[in-house]
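Structural overview for review
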Amino acid sequence: MIAPRKRMAIIASYLPGETYGLLGPQVAATIIQENTGYECVVIALTREDDKGLLKKALADYLTIGMPIIGFSTLSGRDDLFSLARELKHEGAITILAGPQADVDYLGEVDWQFHPHRFSGLSSHFSFALHGPAEQIIPFLNDPKGKTWRESPGIHSLDQDARIAQNTKKAWESDFLRKVIWNNLFRVREGSLEPLHITMGQVLQHIGCPHATRSRRVEIDYPASLGGGDGKRVSLSLKGCSFCDVAVDKGFQGSLDMETVLAQIQGLPDRADGRKITFELINENALPGLPTLLREVKMRGFQLSQVNLTLRADWFVLGEKHLREALLLARDMGIRIFLGSMGFESFDDRILSNLNKGADLQTNLRAIGLMRRIKEEFPLEWGYTRDEGANHGFIHPTPWDSEETEMNNKEVISLYALDKDILPEHSIPLIIHHASALGDWIRVIEKREEIQFKRDVSIIAWWQIGDHIII
Ligand code: B12
Ligand code: SF4
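Conventions used here
Residues numbered from 1 in each chain as written. Chains lettered and ligands numbered in written order. Predicted model: local features only at pLDDT ≥ 70, side-chain atom pairs only at ≥ 80, totals over all residues. Heavy atoms only, no water. Phe/Tyr/Trp six-rings, centres within 6.5 Å; stacked < 30°, edge-to-face > 60°. Helix = DSSP H or I, 4+ residues; strand = E, 2+ residues; numbered from the N terminus. Buried < 20%, exposed > 50% of the residue type's maximum accessible area, 1.4 Å probe, protein only. Core = buried A, V, L, I, M, F, W, Y, C linked by side-chain atoms within 4.5 Å. Domains from an automatic or database assignment. Contact = heavy atoms within 4.5 Å. Expected span 1.5 Å × (residues − 1). Polar contact = N/O pair within 3.5 Å; in protein donor to acceptor, adjacent residues only side chain to side chain.

Aromatic ring pairs are described here by two measures, namely the spacing of the ring centres and the angle between the planes. Counting across every chain of the model gives ten aromatic pairs. Seen from their ring centres, F127 and W148 are 4.6 Å apart, and the 40° between their planes marks the pair as tilted. Of this pair, F127 sits in strand 5 (residues 127–129) while W148 is found in the loop between helix 5 (137–141) and strand 6 (154–157), placing the two residues 21 residues apart along the sequence. Of the two residues, F127 and W148, neither departs from the other in class, the shared state being buried. Ring centres of F343 and F346 lie 5.8 Å apart, and the angle between their planes is 40°; this geometry places the pair in the tilted category. By relative accessible area, F343 is classed as buried at 1%.

The next thing to look at is the nonpolar core. Counting 87 residues, the largest nonpolar core has L308, F315, F346 and W381 as its most contacted members. Top element by residues in this core is helix 12 (residues 360–376). It accounts for seven residues. Mapped onto the domain boundaries, this core takes at least three residues apiece from domain 1 (8–194) and domain 2 (208–468). Non-local contacts of L308, meaning those with residues more than four positions away in its chain, are made with L280, A285, L286, L289, I336, F337, L338, G339 and S340.

In this model helix 3 (residues 78–89) runs 17 Å from its N-terminal to its C-terminal C-alpha over twelve residues, within 8% of the 16 Å that 1.5 Å per residue would give. Those residues of helix 3 lying buried are D79, L80, F81, L83, A84 and L87. Summarising the contacts, the buried residues of helix 3 are in contact with strand 1 (6–13), strand 2 (38–45), helix 2 (51–61), strand 3 (68–72) and strand 4 (93–96). After helix 3 finishes, the residue G91 shows a positive phi value of roughly 110°.

On the secondary structure map, K275 appears in the loop between helix 7 (257–265) and strand 15 (277–281). Judged by relative accessible area, which is 10%, K275 ranks as buried. A polar side-chain atom of K275 sits 2.8 Å from the main-chain carbonyl oxygen of Q265. Ignoring anything within four residues of it in the chain, the contact list for K275 reads I264, Q265, L267, P268, D269, R270, Q302, L303 and S304.

Within the secondary structure, D49 sits in the loop between strand 2 and helix 2. Residue D49 is classed as buried on the basis of its relative accessible area of 14%. Ignoring anything within four residues of it in the chain, the contact list for D49 reads A44 and R186.

Right, here's the structure in full:
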């Protein structure tokens, strides 16, 4: 008789009513399933989900051996951090993995000397794993042994309760070719129910090329602390000042064409036999898109829609490639959809503080191009809010002043951005403790002898002590 496989689950944050895939956790579950003796599922958990029912579903699923539960892309959710701690206290091995796992496990810089800073999640998880998923294999092959603690990517507490950090290994394309897409589940009435995915992801760029651009920048103080009067902090950084991807992954390069095509081939089919819509993860996708589409056509893969998340500057530079890709899309009967462009602001001062690397004129050129292309390719091209796009607009920010508010409003009205571009809701500036803006805020705290409040891993730039400043 064949012994039943051991089992492991990965819990990830999810939004209610959605049907998108979770590439990172799902590829991690695939790597585990293909390279260890474990079967592995991903459980998508919304804030509203009942944690008692989740525990019942976990108990029913994890029936053999010690329960091992990974956590990934938790989006700073306190309810999930508490859940991990509870499960650990109840006897499970809980692992923090995925983007930002290292810095969230370790806590904020020098928190030991600054009690108001985020002290990290080392007491919530048995250990953390930062970087590619295959680094978990030595642990799963011998969880009770000691040698896995020496493996790359592992962050764990030693006997003296000090955190030992092992450097992560490089990303390898061989592990990124295959994704099992039917391993994502929701919890319904205490049982695991498969989630029918209608939008997947295909990885082409690991991280973002903007994060290779090292710069020394001057970032204004918050407007409420004299930012308008020339008070600034000088910082050395890479990528956008608010971006945790830039810090987490930097830019680890592009995957080769065969790996990308293998991922496309492995996407689930829709009822009409075409592949489900997928997001191509590549902030500068246009230069390579025509070649990718030609290869897809040559191999006879039937696509439906390719979603893009792009930067305005590279979009404008890629006009020629976009037209070429759209002619191919017309021929193949598919759509190219610009699901998100990171405009972030329509005020140059704020764009400069965000170190976006693009200014208002670039944003406006991008909008002009998006609209012109729609007239030429009405069926093959989409970019509007009504078609489902959600373009980046960060507001409020610490630098908002009467002048920046007026500039934003003027551009929005002059270029009728509320017609097609503006999202339904702007997103307030979020400062993750390990982003470049985390360094900015810590310099201001020291100079001004003030303390901004922490909301777990996020720095509340709008609150000094108990005092709301905006
Ligand atoms: C594509 C994408 C999306 C897509 C798809 C969702 C998804 N997660 O796949 C969409 C557009 C739907 C989306 C939405 C959101 N996203 Co998003 N998204 C990304 C993006 C750009 C790529 C993710 C990806 O697939 N990367 C490629 C994979 C292969 O890499 P990976 O995720 O790092 O996974 C590898 C390893 O980390 C590891 N790993 C991952 N999980 C696990 C688990 C275990 C147990 C192990 C051992 C290993 C392991 O294995 C993988 C293979 O080696 C990332 C940024 C980035 N570049 O990573 C943000 C990112 C994942 N998103 C983020 C956020 C915050 C969101 C939103 C909440 C935004 C919002 N406010 O609405 C929503 C909701 C997300 C959700 N969980 O439901 C954050 C997550 C932060 C965090 N640490 O929790 C990220 C990191 C961006 C950021 N701000 O830094 N997103
Ligand atoms: S916000 Fe986008 S463009 Fe900026 S560094 Fe991050 S991933 Fe790159």
